[in-house]
Amino acid sequence: MAFAPRFIDGKVFGQDLGKIVCVGRNYARHARELGNEVPTSPILFIKPASSAVDLSKPIDPVRTADGVHYEAELALLIGKRVSRASPSAACEAIVGMGLALDLTHRDVQDELKAKGHPWERAKGFDGACPLTPFVPVKGRFIDWSDLRFSFDINGELCQRGHTAQMLFPVDRLLSEISHSFTLEPGDVVLTGTPEGVGRLPRGARLTLAIDDWLFLDTSSV
Ligand code: ZN
């Protein structure tokens, strides 16, 4: 079933969710915690629309031997077509911001990486992209380089991100993406995860927040 992005006031965005463009290693400390080099240009990959689920409902961490790992990330909802755009023009296409968990089968990803294969089986499976409702940004001043977000499990802080620490800041990242993939209304961009990734437990209380903009208490089954 198609996934329709929603805003925090309950309004549904007019288009179904499209592709989800993600960036790997956009925070230096996270790159290092997984033993990766810090990249000189964004490492991009795409999750299909079929991987999206609503994070305001309990999420299923998927039953596999190793389970799934979470990566909490700032998510941007795109409201108009962006192709080969400048950083400032690309930013104007953002209509919502929220948080996503870029769920990853880390053991599968490690195997794929070792073989030099694409990551889709590790990151594009059904349910691999839980998304919060989006904060509408039209008519609001948002400083994209000064947003703080957090992810807590059972009341314990697991990840804390500050967009000032991104290797490729929001405007540059969107511009760079738009030179490879045209972004369409309903597409979502995940901007990378800070350090603190780990295994997502079952039956846990999950809390996600962006400054004073967004607060969501949810759970895993
Ligand atoms: Zn990620």
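Please read these numbers as outputs of a predicted model, since none were measured by experiment. (Residues numbered from 1 in each chain as written. Predicted model: local features only at pLDDT ≥ 70, side-chain atom pairs only at ≥ 80, totals over all residues. Heavy atoms only, no water.)

K.L.:
Quick question: what am I supposed to make of the pattern of salt bridges here?
P.N.:
Once their charged atoms are close, side chains differing in charge can pair, the charge on each being opposite to the other. Within this structure, the stated rule accounts for 13 salt bridges. The closest approach of N and O atoms between aspartate 217 and arginine 205, which form a salt bridge, is 3.7 Å. With a gap of 12 residues between them, aspartate 217 in strand 14 (residues 214-219) and arginine 205 in strand 13 (residues 205-210) connect regions that are remote in the sequence. Residues joined in a network through salt bridges with shared partners are Lys47, Glu71, Asp102, Arg106 and Lys123. (Salt bridge = Lys/Arg side-chain N within 4 Å of Asp/Glu carboxyl O. Helix = DSSP H or I, 4+ residues; strand = E, 2+ residues; numbered from the N terminus.)

K.L.:
Quick question: what am I supposed to make of the nonpolar core here?
P.N.:
One recurring pattern in soluble globular proteins is that nonpolar side chains are buried together. Membership of the largest hydrophobic core comes to 46 residues, with the highest contact counts inside it found for Leu76, Met97, Leu101, Trp144, Phe151, Val170 and Leu174. Those residues in contact with phenylalanine 151, other than ones at most four positions away along the chain, are Tyr70, Ala72, Leu101, Glu156, Leu157, Cys158, Gln159, Leu200, Leu206, Thr207 and Leu208. Grouped together as the second largest cluster of nonpolar side chains are 18 residues, Phe7, Val95, Leu131 and Phe134 included. (Core = buried A, V, L, I, M, F, W, Y, C linked by side-chain atoms within 4.5 Å. Buried < 20%, exposed > 50% of the residue type's maximum accessible area, 1.4 Å probe, protein only. Contact = heavy atoms within 4.5 Å.)

K.L.:
Help me understand the state of the cysteines, please; the structure alone is not making it clear to me.
P.N.:
By definition, a disulfide is the covalent link that joins the sulfur atoms of two cysteine residues. Here the structure, examined in full by the defined rule, presents zero disulfides. With no disulfide of its own, cysteine 91 has cysteine 22 as its nearest cysteine by sulfur position, at a separation of 18 Å. The closest cysteine sulfur to the non-disulfide-bonded cysteine 129 is located on cysteine 22, 6.2 Å from its own sulfur. Classification of cysteine 129 as buried rests on a relative accessible area of 0%. (Disulfide = S-S within 2.5 Å.)

K.L.:
So what exactly am I meant to see when it comes to the coordination of the zinc ion here?
P.N.:
Each pair of donors in an ideal octahedron of six around a metal sits at 90 or 180 degrees, and each pair in an ideal tetrahedron of four sits at 109.5 degrees. Around the zinc ion, the protein contributes the donor atoms Glu71 (OE), Glu73 (OE) and Asp102 (OD), which lie 1.9 to 2.1 Å from the metal centre. Mapped onto the sequence, the donors of the zinc ion take the spacing E-x1-E-x28-D. Placement of the pair is glutamate 71 in the loop between strand 4 (69-70) and strand 5 (72-78) and aspartate 102 in the loop between strand 6 (94-101) and helix 3 (106-115), with a sequence separation of 31 residues. Under the relative-accessibility criterion, glutamate 71 is labelled buried at 5%. Owing to a relative accessible area of 0%, aspartate 102 belongs among the buried residues under this scheme. (Donors = N, O, S within 2.8 Å, 3.2 Å for Na, K, Ca; no water.)

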